[in-house]
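Structural description and commentary
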Amino acid sequence: MDLYLGVMSGTSLDGLDIALIEQEQHTRLLATHYIPMPASLRQDLLALCASGADEIARAALAENQWVRLAAQGIQHLLTAQNLKPADVRAIGSHGQTIRHEPARGFTVQIGNPALLAELSGICVVGDFRRRDVAAGGQGAPLVPAFHEALFEHQGQRLAVLNVGGFSNLSLIEQDKPVSGFDCGPGNVLLDAWINEQQGHSYDADGAWAASGNVNPGLLAALLSDPFFAGTGPKSTGREVFNLPWLTRHLATLPTIAAVDVQATLLELTAHSIVNSLQAAQQETQALLVCGGGAHNSALMRRLAALLPAAQVDSTAAHGVDPDWVEAMAFAWLAHCCLQGIPANRPSVTAASGLRVLGAIYPA
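Residues numbered from 1 in each chain as written. Predicted model: local features only at pLDDT ≥ 70, side-chain atom pairs only at ≥ 80, totals over all residues. Heavy atoms only, no water.

1. A word on the pattern of salt bridges
- Taken as a whole and judged by the stated rule, the model has 10 salt bridges.
- For the salt bridge of D2 with R89, the shortest nitrogen-to-oxygen distance reads 3.8 Å. Of this pair, D2 sits in strand β1 (residues 2-9) while R89 is found in the loop between α2 (55-80) and β4 (90-101), placing the two residues 87 residues apart along the sequence.
- Put simply, E173 and K176 hold a salt bridge, and the shortest N to O gap is 3.5 Å.
- When its relative accessible area of 49% is taken as the criterion, K176 is described as partly exposed. (Salt bridge = Lys/Arg side-chain N within 4 Å of Asp/Glu carboxyl O. Helix = DSSP H or I, 4+ residues; strand = E, 2+ residues; numbered from the N terminus. Buried < 20%, exposed > 50% of the residue type's maximum accessible area, 1.4 Å probe, protein only.)

Now the structure itself:
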């Protein structure tokens with residue numbers, strides 16, 4: 001029995017998820033710990049998603065702060081589980097994405113794995129995405145291989161949907177290689193708009209969006225973005241979908257009530273997911289949802305309405321807590337790296353072949 005820790009901080013920038021797994025033939029979640037992202041660090045990381053003055057130094061300082069936060073959370077989890085660092089084979093640390101531009105040949109996740117190994121006393125595997133990009137791939141999404149390992153026994157035309165800041169799909173069918181891609185914005189625009197309009201960090205349960213009306217003209221304008229016309233493999237990030245992108249579209253239309261903008265953004269998330277799914281997998285039988293979006297009942301209702309022939313559920317209905325799937329995935333990716341198991345999927349990222357992902361920083 002090997003124990004691994006996974007540390008995940010996604011594009012929503014709401015906090016760090018830390019998962020402890022047991023890895024044998026199957027993956028089993030043993031314990032978790034969540035650390036809310038300090039407001040000042042969140043602002044620093046958001047600012048690094050665009051060019052600015054002295055950004056190399058600012059990135060170095062921000063990543064060290066991120067690592068210290070992760071190390072504190074890891075120590076808290078180990079203490080709660082009565083474990084020592086030596087009991088854990090490795091930490092899989094995703095780091096924090098600040099730029100993702102595979103079309104230009106790069107993706108950047110900051111997270112100083114060397115410092116995390118030093119502070120935790122545990123071997124760290126980090127820098128998972130760049131090897132796939134080096135092989136001509138998108139570097140994202142990387143979770144489809146893990147989704148396949150978790151759910152391949154279902155025996156259905158199955159789709160696993162992760163909705164964080166951005167949404168991505170894994171398509172799993174018997175006797176076919178897993179496929180997957182980013183669908184577009186998940187919560188990123190919803191969070192940005194409610195923050196600008198009401199000062200909230202997110203739209204709890206999608207309640208504000210549910211109280212508005214979808215604006216067909218705005219929805220059509222947003223869906224006209226070239227990203228949505230492309231088929232996978234594809235990935236995206238804040239470089240494409242952000243508040244200025246939304247503002248530019250709003251400027252071309254008559255004034256729309258703020259609540260109706262929020263309703264339309266939720267519809268954008270739902271339609272971009274369903275349009276992508278229907279184009280890539282015919283007659284999906286089950287859609288399993290994880291990430292923060294699984295708790296947005298307004299979004300879940302829209303997905304179910306747009307996919308009447310499919311069973312739409314949280315992954316919790318299949319025994320996997322939706323809040324911890326990605327952190328579990330990076331713990332699993334650390335296991336794959338140490339075992340020399342290729343963990344990218346060319347059918348997902350368009351890399352030129354299978355690759356072992358990650359760089360190893362011994363304790």
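2. What about helix α12 (residues 297-306)?
- Looking only at α12, the buried set comprises A298, L299, M300 and L303.
- Residues of α12 that are buried make contact with β7 (158-163), α7 (207-210), α11 (258-280), β10 (286-290) and β11 (311-314).
- If you check the start of α12, you find a side-chain oxygen 3.2 Å away from the backbone N of A298, and it comes from N296. (Contact = heavy atoms within 4.5 Å. Polar contact = N/O pair within 3.5 Å; in protein donor to acceptor, adjacent residues only side chain to side chain.)

3. Comments concerning the pairing of strand β3 (residues 27-36)
- Of the strand pairs in this sheet, strand β2 (residues 15-23) and β3 are connected by nine bridges, and their pairing is antiparallel. Considered in β3, the bridge of I18 is made with H33.
- What sits between the antiparallel neighbours β2 and β3 is a turn of three residues. (Pairing = 2+ DSSP bridges.)

4. With respect to the pairing of β7
- For β7, the buried fraction is high: six of the six residues fall into the buried class.
- Where burial is concerned, the two faces of β7 agree: the one with L158, V160 and N162 and the one with A159, L161 and V163 are both buried.
- Note that β7 and strand β8 (residues 166-172) share six bridges and pair antiparallel. Bridge pairing in β8 places N162 opposite N168.
- In sequence, β7 turns back onto β8 through a hairpin of two residues.
- Bridge analysis of β7 against β10 gives five bridges, and the strand direction is parallel. Among the inter-strand pairings, L161 is bridged to a residue of β10, identified as V289.

5. Here's the deal with the side chain of N344
- In this fold, N344 is placed in the loop between α13 (325-339) and α14 (346-349).
- A polar side-chain atom of N344 sits 2.9 Å from a polar atom in the side chain of D132.
- Here G353 takes part through its backbone oxygen, which lies 3.1 Å from a polar atom of the side chain of N344.
- Contact partners of N344, with chain neighbours within four places excluded, come to D132, T349, A351, G353, L354, R355 and L357.

6. What about the nonpolar core?
- L169, L265, L287, V289 and L303 are the most contacted members of the largest nonpolar core, which has 43 residues in total.
- In terms of residue count, the dominant contributor to this core is α11 (eight residues).
- Excluding its chain neighbours within four sequence positions, the residues that come into contact with L169 are P144, A159, V160, L161, S179, G180, F181, C183, I273, S276, L277 and L287.
- L150, A286, A334 and L357 belong to the second largest nonpolar core, which has 36 residues in total. (Core = buried A, V, L, I, M, F, W, Y, C linked by side-chain atoms within 4.5 Å.)

7. Observations concerning the environment of C123
- Inspection of the secondary structure puts C123 in the loop between α3 (113-120) and β6 (124-126).
- Overall, C123 belongs to the buried group, its relative accessible area being 13%.
- Each C-alpha atom of the pair C123 and A363 lies 4.3 Å from the other, and the pair is 240 residues apart in sequence.
- With residues near it in sequence (within four places) discarded, C123 still touches R89, A90, I91, I360, Y361, P362 and A363.

8. Description of the packing of helix α8 (residues 216-223) against helix α10 (residues 243-250)
- Where α8 contacts α10, the axes come no closer than 10 Å and their chain directions differ by 125°. Between α8 and α10, the crossing angle belongs to the class labelled oblique. Classified by chirality, the crossing of α10 by α8 is right-handed. When α8 is examined against α10, the residues L218, A221 and L222 are found in contact with a partner set consisting of W245, L246, H249 and L250. (Axes fitted to C-alpha atoms, helices over the stretch in contact; angles between N-to-C directions. Parallel < 35°, antiparallel > 145°, perpendicular 65-115°, else oblique. Left-handed = near helix turned anticlockwise from the far one by under 90°.)

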